[in-house]
Amino acid sequence: MLTNRIGKRVSRCPLLALIGLGVLWAQVAQAVPQIQTWETPTGAEVLFVATDELPMVDIQVVFDAGSARDGAKPGLASLASAMLNEGAGGLDADAIAERVEAVGAQLSTGTDRDTSSASLRSLSDADALEIAVDTLIRILSAPTFDPGEFERVRQNRLTALRLAEQDPGSVGQKALYRAIFGDHPYATDPSGTSEAVAALTTDDLRAFHGRFYGAGNATIAMVGALDRAQAERLAARISAELPSGGPPPPLPAVPELEQASVQQIEFPSSQTHLYLGQPGMRRGDPDYFALYLGNHILGGSGLVSLLMEEVREKRGLSYSVYSYFLPLAHKGPLIMGLQTQNAQADAAQEVLLDTLKRFIEQGPTDQQLEAAVKNITGGFPLRIAGNSKIVSYLAVIGFYDLPLDYLEVFPDRIRALTTAQIRDAFQRRVDPSRLARVAVGAAVEPVENSAAVAPQPVSPTATGDVEQNLSATKDLSATPAPAQDAESSAGASTSPTPNVTPSDKSGAAGGQG
């Protein structure tokens, strides 16, 4: 124990905790990355943060080449991305892997609805970095698209698509996107369809690469032990080897749903996977912060969210329930979901909707707002701790043209929100009467007086798709900034440890980044 100036004893632990918190925020104030930006001679946008804590360099090259650019060939973008590591610039797949492994580097590619990207992590040692960057340049600028390798990758994709048809979570999520987006390019899953993938050719991949992997369509994010001159030379070298194409035309706007829709998909399972959604918000949306913070309270904060309290804690209708916004270049989806026993599906859906309607009408309480603000801002320092996290944020900021001070002002934007602002945003932007609803499971007669029944909670092992790739499937509040967890398309990633791409979503368990 310590003694203060008037002789009273003071607990050492709380005092040290306060000191530690003050030191932490002082470090955070200094640690918010200072972003430098410029354009390479060939037209690529560059965002760079110099750090000297580790002898590492992280690079992420992002293209407006996501599945929304597939056109009439679903799966094209993700297969083109998957083939980059399968041979390029005179190297076959084994040689690429051996080169990267020999210098201790990591190289991966991935695709979501908005983007295709390649990520590199390397030691800053000149020799190691040279080999790693040379390999990155080869796969981006001169992929081989070998027919034999393509057939192997295609067969793997077809197998994955067949397996997805046996997963009620995958079936439901794909159906929900179609219901939300209709004819818009966001409707199709990045992994494609069996019919479309079977019809693709290597000529299709070459044409897609030539059109969308151009320097003028690239954003290069770099973080690491480099100075500005080194970073400029490196970015110029990467973009110089890319095709000369510029950005494609903007995607069409996402229309609002005119009315509600309901789809029951019969599936031989003891549980129903229930999904509700509608167009939500875009990156840079003026209501972004209000909707983000409000959703954290509603369904994005795990066990302490309102949905968890009403659906799981009070009624035991589901082991897990969540909501999240997935902002994209245009309005991405607002999605709510849960899994429950078939006989309880109607009751669970009713509670889900009632909780949403009540939140829209009343908004959060002052206590709920205070707790959410503390949770988000208190964990914010950890979200920008590390080069790999920062480079993902840079990619999002650059690709979606967000303000360069986005990370710096994020905590203050959250703290400045009021309960009235959150209520207003939800009342204007979320309409329960126009939700698309998809239920996947065996249809049964509903349990009468279900509210009076003591339903059995779903076991944790039955929530497979809820803890989906979504590396993002940690409490979405854990990703307040742009880096969202890998979207439902995460299966399209070509790396066992998929990189976080700009529209990666914050997982089915919570909010969004």
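Let us look at the structure shown here. This structure is a prediction, so every number in the text was calculated from the model and none was measured. (Residues numbered from 1 in each chain as written. Predicted model: local features only at pLDDT ≥ 70, side-chain atom pairs only at ≥ 80, totals over all residues. Heavy atoms only, no water.)

## Re the overall build of the protein
Of regular secondary structure, the protein possesses 16 helices and 15 strands. Here the protein, with 513 residues, has 57% of them falling under the buried criterion. Look at the contacts in the protein between residues 6 or more apart in sequence, and 81% of them connect residues 24 or more apart. Of the roughly 21,200 Å² that the protein leaves accessible, carbon and sulfur atoms contribute 53%. (Helix = DSSP H or I, 4+ residues; strand = E, 2+ residues; numbered from the N terminus. Buried < 20%, exposed > 50% of the residue type's maximum accessible area, 1.4 Å probe, protein only. Contact = heavy atoms within 4.5 Å. Areas by Shrake-Rupley, 256 points an atom, 1.4 Å probe, with all protein chains shown as cover.)

## Remarks on the nonpolar core
Counting 86 residues, the largest nonpolar core has Leu 293, Phe 410 and Phe 426 as its most contacted members. Each residue touching Leu 293, except ones within four places of it in the same chain, is listed here: Leu 369, Ala 372, Val 373, Ile 376, Ile 414, Leu 417 and Ile 422. Formed by 54 residues, the second largest nonpolar core is a distinct cluster that contains Leu 107, Ile 139, Val 197 and Ala 218. (Core = buried A, V, L, I, M, F, W, Y, C linked by side-chain atoms within 4.5 Å.)

## Examining the pairing of strand 14 (residues 333-341)
Among the 9 residues in strand 14, 8 count as buried, and that is most of the element. Of the strand pairs in this sheet, strand 12 (residues 271-279) and strand 14 are connected by 9 bridges, and their pairing is antiparallel. If you follow Tyr 275 over to strand 14, its bridge partner there is Gly 337. For strand 13 (residues 321-325) and strand 14, the ladder comprises 5 bridges, and the chain directions are antiparallel. By the bridge assignment, Val 321 is partnered in strand 14 with Leu 338. (Pairing = 2+ DSSP bridges.)

## Examining the sheet that holds strand 9 (residues 116-123)
Strand order across the open sheet formed by 6 strands is 3-4-10-5-9-8, with mixed pairing between neighbours. Each edge of the open sheet carries a strand with a single partner, namely strand 3 (36-39) and strand 8 (106-111). The sheet shows a mean angle of 15 degrees between the axes of neighbouring strands, taken without regard to direction. Direction of pairing for strand 5 (residues 56-63) relative to strand 9: antiparallel, over a ladder of 8 bridges. Along strand 9, the bridge assignment pairs Asp 58 with Arg 121. Of the strands in this sheet, strand 5, strand 8 and strand 9 touch helix 4 (residues 126-141), which is tilted by about 170 degrees from strand 9. (Axes fitted to C-alpha atoms, helices over the stretch in contact; angles between N-to-C directions.)

## Here's the deal with the side chain of Asp 112
By the secondary structure assignment, Asp 112 is in the loop between strand 8 and strand 9. No salt bridge is formed by the buried Asp 112. Its closest oppositely charged neighbour is Arg 113, at 8.0 Å. A distance of 2.9 Å separates the side chain of Asp 112 from the backbone nitrogen of Asp 114, its partner in a polar contact. Engagement of the side chain of Asp 112 in a polar contact is seen with the backbone nitrogen of Thr 115, the distance being 2.8 Å. (Lys, Arg positive; Asp, Glu negative; His and termini not counted. Salt bridge = Lys/Arg side-chain N within 4 Å of Asp/Glu carboxyl O. Polar contact = N/O pair within 3.5 Å; in protein donor to acceptor, adjacent residues only side chain to side chain.)

## Details of the packing of aromatic side chains
Using the criterion set out here, one finds 16 aromatic pairs in the structure. Seen from their ring centres, Phe 181 and Tyr 186 are 5.6 Å apart, and the 80 degrees between their planes marks the pair as edge-to-face. The two residues Phe 181 and Tyr 186 agree in class, both being buried. Their ring planes at 85 degrees and their centres at 5.2 Å tell us that Tyr 288 and Phe 289 sit as a pair that is edge-to-face. Relative accessible area serves as the criterion here: at 8%, Phe 289 is assigned to the buried category. Across the ring face of Tyr 177, the terminal group of Arg 113 is positioned such that the distance to the ring centre comes to 3.7 Å. (Phe/Tyr/Trp six-rings, centres within 6.5 Å; stacked < 30°, edge-to-face > 60°. Lys NZ or Arg CZ within 6 Å of the ring centre and 35° of its normal.)

## Side note on the pattern of salt bridges
Across all of its chains, the model carries 23 salt bridges by this definition. For Arg 152, the salt bridge identified is with Glu 149, shortest N-O distance 2.7 Å. Of this pair, Arg 152 and Glu 149 both sit in helix 5 (residues 147-164), 3 residues apart, which is roughly one turn of that helix. A relative accessible area of 25% means that Glu 149 is categorised as partly exposed. Through salt bridges with shared partners, a single ionic network connects Asp 285, Asp 287, Asp 424, Arg 428 and Arg 429.

## Focus on the sheet that holds strand 12
Here 5 strands make up an open sheet; going across it, the order is 11-15-12-14-13 and the pairing mixed. Bordering the open sheet on either side are strand 11 (261-266) and strand 13, each of which pairs with just one other strand. Neighbour-to-neighbour, the strand axes of the sheet open up by a mean angle of 15 degrees, direction not taken into account.

## Considering helix 16 (residues 419-429)
Those residues of helix 16 that fall on the buried side of the exposure criterion are Thr 419, Ile 422, Ala 425, Phe 426 and Arg 429. When helix 16 is viewed along its axis, its buried side chains cluster within an angular range of 130 degrees and face the same direction. Where helix 16 is buried, its residues touch strand 12, helix 10 (288-300), strand 13, helix 12 (345-362) and helix 13 (366-383). (Arc of directions from axis to C-beta.)

## Brief notes about the side chain of Ser 239
Here Ser 239 is to be found in helix 9 (residues 228-240). The class for Ser 239 is buried, based on a relative accessible area of 1%. Side-chain polar atoms of Ser 239 contact the side chain of Thr 40, separated by 3.0 Å. Dropping the residues within four chain positions of it, Ser 239 is found in contact with Thr 40, Thr 42, Ala 44, Ala 215 and Ile 220.

## Description of the packing of helix 11 (residues 306-313) against helix 12
Helix 12 packs onto helix 11 with a crossing angle of 150 degrees between their chain directions and a minimal axis gap of 10 Å. When the axes of helix 11 and helix 12 are compared, the pair comes out roughly antiparallel. Where helix 11 crosses over helix 12, the handedness of that crossing is right-handed. In this structure, helix 11 contributes Leu 306, Leu 307, Glu 310 and Val 311 to the contact, and helix 12 contributes Val 351, Leu 352, Thr 355, Arg 358 and Phe 359. (Parallel < 35°, antiparallel > 145°, perpendicular 65-115°, else oblique. Left-handed = near helix turned anticlockwise from the far one by under 90°.)

## A closer look at unusual backbone geometry
Phi is positive for Phe 145, close to 50 degrees, though the residue is something other than glycine. Mapped onto the elements of the fold, Phe 145 is located in the loop between helix 4 and helix 5. The backbone phi angle of Asp 401 is positive, close to 55 degrees, even though this residue is not glycine. Owing to a relative accessible area of 67%, Asp 401 belongs among the exposed residues under this scheme.

## Quick word on a negative patch on the surface
Together, Asp 92, Asp 94, Glu 98 and Glu 101 give the surface a local cluster of negative charge. In terms of residue count, helix 3 (residues 93-102) provides more of the negative patch than any other element does, 3 residues in total. Mapping Glu 101 onto the fold places it in helix 3. With a relative accessible area of 64%, Glu 101 lands in the exposed category. (Patch = residues over 30% accessible without salt bridge, like charges linked within 9 Å, V, L, I, M, F, W, Y side chains within 5 Å. Charge placed at Lys NZ, Arg CZ, Asp CG, Glu CD.)

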